[in-house]
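# Reading the structure
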Amino acid sequence: MTKVTICGAAGGIGQPLSLLVKLHPLVDQLSLFDVVNVPGVGADLSHIDTDSSLESFLPADDGLAKALKDSDLVIIPAGVPRKPGMSRDDLFNINAGIVRDLAVGVATHAPKAFVLVISNPVNSTVPIFKEVLAKHGVFDPRRLLGVTTLDCVRSNTFVAGLLGAKASKLDVAVVGGHSGETIVPLFSSLPGYSKLSDAEVDALVHRVQYGGDEVVQAKNGAGSATLSMAYAGYKLADQILKGLNGEKSTSSAFVYLKDDSLSGAKETRALVGKFGGELDFFAIPVGLGPKGVESIEYGVLEKVNAKEEELLKVAVGQLGVNIAKGTAFIKG
Ligand code: NAD
Ligand code: LMR
């Protein structure tokens, strides 16, 4: 029996993500949690003739505990999105508390679940989640992932146009974090990269780093990416679910680096150190399998070119500040 819980299920990401998860053949139970509107979303989705059962919960009557109980995978798109002119860090004051409370719920009611954190600012919300799980003695770096898949999805889409390649066949590694200059797409190992001019590469990197802003501006006050994010969140959730079923794969995600029992963690820390910092978390391709994150695929950092090295130096500096802010929110 595989149970997936989505926290923030009635939101702009939550609704299409819940629809996609309702269609997933490996899901037996889908559980939806939100502070508003979730009974309607749940009633609507429950009419879909796939084989998973569906329940929805508001906070009343221990709703969070019931939603999370026995979950194998918890996906978290809860919290406020950006409006034009805001940075992701501007969301910290509201979203930090939301994520902390959901983390307490997971630590208490689903301590063995895999957790995918979508809520922004990811560079800080994932450290918050980690600290809460650690406080409760249930943190396992194999099971906590910050979702940076949208950066990979955007990289595949944007570079495909330039290279005349099929986006669906590409798998660009994106390292660093998930905001502005902390997002570092590694295009240099793609076949055809040498055909791109310096100006084309710079424009491409900038478009990936600020792809979120492109959507925020186009939506003009009505929120940020929801549909492409639901797709990206589903893409990673699908890999986790298949991993639980024994199928191995690789995906970039924002993961904890300071546990040497995780294959590749030590090497990644050493390579990140070369770019100027000591970081607890980093987005990087990871090997996924039955235990969740089974390895950190640090090899991508050994192959970066000079331009990417410069981008990484900037990213590492900013990431340290974002991570420390999340950690301090719990540790004080
Ligand atoms: P939204 O406002 O449409 O939906 C958020 C939902 O969260 C709402 O339904 C709200 O009721 C719910 N919520 C608020 N507090 C809650 C709580 N304590 N428990 C459960 N649910 C709660 O926003 P959205 O567009 O879906 O975006 C959600 C978050 O995802 C934002 O922080 C946004 O910045 C982030 N985001 C991240 C990425 C990424 O790549 N990681 C991409 C897009 C958006
Ligand atoms: C994105 O990259 O689209 C998200 O992080 C949402 C945002 O605020 O840009």
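These numbers were taken from a predicted model, which means no experiment stands behind them. (Residues numbered from 1 in each chain as written. Chains lettered and ligands numbered in written order. Predicted model: local features only at pLDDT ≥ 70, side-chain atom pairs only at ≥ 80, totals over all residues. Heavy atoms only, no water.)

### Quick word on unusual backbone geometry
Stated formally: Secondary structure follows DSSP: runs of H or I at least 4 residues long count as helices, runs of E at least 2 residues long count as strands, and numbering of each begins at the N terminus.
The omega angle of the peptide bond from Asn 120 to Pro 121 is -5 degrees, so this bond is cis rather than trans. Tracing the backbone shows Pro 121 in the loop between β5 (114-117) and α5 (122-135). Within the chain, Asn 220 stands out as a residue other than glycine whose phi angle is a positive 50 degrees. Note that Asn 220 resides in the loop between α8 (211-219) and α9 (227-244).

### Section: the UniProt feature "domain: Lactate/malate dehydrogenase C-terminal" (unreviewed entry) in the protein chain
Keep this limit in mind: UniProt positions are given in the numbering used here, feature names are shortened, and annotations may be inferred rather than shown by experiment.
Feature annotation in UniProt places "domain: Lactate/malate dehydrogenase C-terminal" (unreviewed entry) on residues 148-329, given in this structure's numbering. Counted over residues 148-329, helix gives 51% and strand 16%. Its end C-alpha atoms are 22 Å apart.

### Some points on the pattern of salt bridges
How we decide: Put simply, a salt bridge is a Lys or Arg side-chain nitrogen that is within 4 Å of an Asp or Glu carboxyl oxygen. Remark: exposure states derive from per-residue accessible area (1.4 Å probe, protein chains only) relative to the maximum for the residue type, with buried under 20%, exposed over 50%, and partly exposed in between.
A complete count under the given rule lists 16 salt bridges for this structure. Between Lys 307 and Asp 202 there is a salt bridge, with the nearest N and O atoms lying 2.7 Å from each other. Taken as a pair, Lys 307 in helix α12 (residues 306-331) and Asp 202 in helix α7 (residues 198-209) lie far apart in primary sequence, 105 residues in all. Residue classification places Lys 307 among the partly exposed residues on the basis of a relative accessible area of 25%. In this structure Asp 202 comes out as partly exposed when scored by relative accessible area, which is 41%. Across the pair Lys 242 and Asp 238 runs a salt bridge, and its minimum N-O distance is 3.0 Å. Here the residue Lys 242 and the residue Asp 238 both occupy positions in helix α9, the gap between them amounting to 4 residues, near one helical turn. Using a relative accessible area of 30% as the deciding quantity, one classes Lys 242 as partly exposed.

### Re the site of ligand 2
To keep things clear, this is the line we draw: It suffices for a single heavy atom of a residue to lie within 4 Å of a molecule or strand for the residue to be listed as near it. Nitrogen and oxygen atoms within 3.5 Å of one another constitute a polar contact, given that in protein one can donate a hydrogen and the other can accept it, and given that sequence-neighbouring residues count only through two side-chain atoms. All accessible areas in this document rest on Shrake-Rupley with a 1.4 Å probe, and a residue is counted as covered only by the protein chains that are shown. Using protein atoms alone on a 1 Å grid, points that fit a 1.4 Å probe yet trap it form a cavity, whereas open point sets bounded by protein on both sides within 12 Å along at least five of seven lines form a pocket; residues with an atom within 4 Å of a point count as lining. Grid points define the cavity or pocket, and a molecule sits in it when more than half of its atoms lie within 2 Å of them. Residue classes follow a fixed rule: Ala, Val, Leu, Ile, Met, Phe, Trp, Tyr, Cys and Pro count as nonpolar, while Asp, Glu, Lys and Arg count as charged, and any other residue, Gly among them, counts as polar. Start and end points for every domain follow an automatic or database-based domain assignment.
Around ligand 2, the neighbouring residues are Arg 82, Arg 88, Asn 120, Leu 150, Arg 154, His 178, Gly 212, Ser 224 and Ala 225. Taking Asn 120, its side chain carries an N or O atom lying 2.8 Å from an oxygen atom of ligand 2. If ligand 2 stood free it would expose 260 Å²; the protein chains cover 95% of that surface. With respect to the pocket detection grid, ligand 2 is positioned in the largest pocket. When its residues are assigned to classes, the shell around ligand 2 shows 2 nonpolar, 4 polar and 3 charged. Taken domain by domain, the shell around ligand 2 gets at least three of its residues from each of domain 1 (3-146) and domain 2 (148-332).

### Some details on the domain arrangement of the protein chain
Note the cut-off: Note on contacts: a residue pair is in contact if any heavy atoms of the two residues lie within 4.5 Å. In short, buried area is how much 1.4 Å probe accessible area vanishes from two parts on joining, totalled over both.
Split by domain assignment, the protein chain resolves into domain 1 (3-146) and domain 2 (148-332). Distance between the C-alpha centres of domain 1 and domain 2: 21 Å. In this assembly, 44 residues from domain 1 lie in contact with 51 residues from domain 2. Summing both partners gives a buried area of about 4100 Å² for domain 1 against domain 2, and 70% of it is carried by carbon and sulfur. The largest contributions to the domain 1 side of the interface with domain 2 come from Arg 88, Asn 123 and Arg 142, which together make up 18% of the buried area. Remark: the boundary between domain 1 and domain 2 carries 2 salt bridges. With its nearest N and O atoms 3.0 Å apart, the salt bridge here joins Lys 325 to Asp 89. At the boundary of domain 1 and domain 2, one finds 14 residue pairs in polar contact (both at pLDDT 80 or more). Where the side of domain 1 that touches domain 2 is concerned, the elements lending two or more residues are α1 (14-22), β4 (73-76), α4 (92-109), β5, α5 and β6 (144-146). Ranked by residue count, the leading element in the side of domain 1 that touches domain 2 is α5, at 10 residues.

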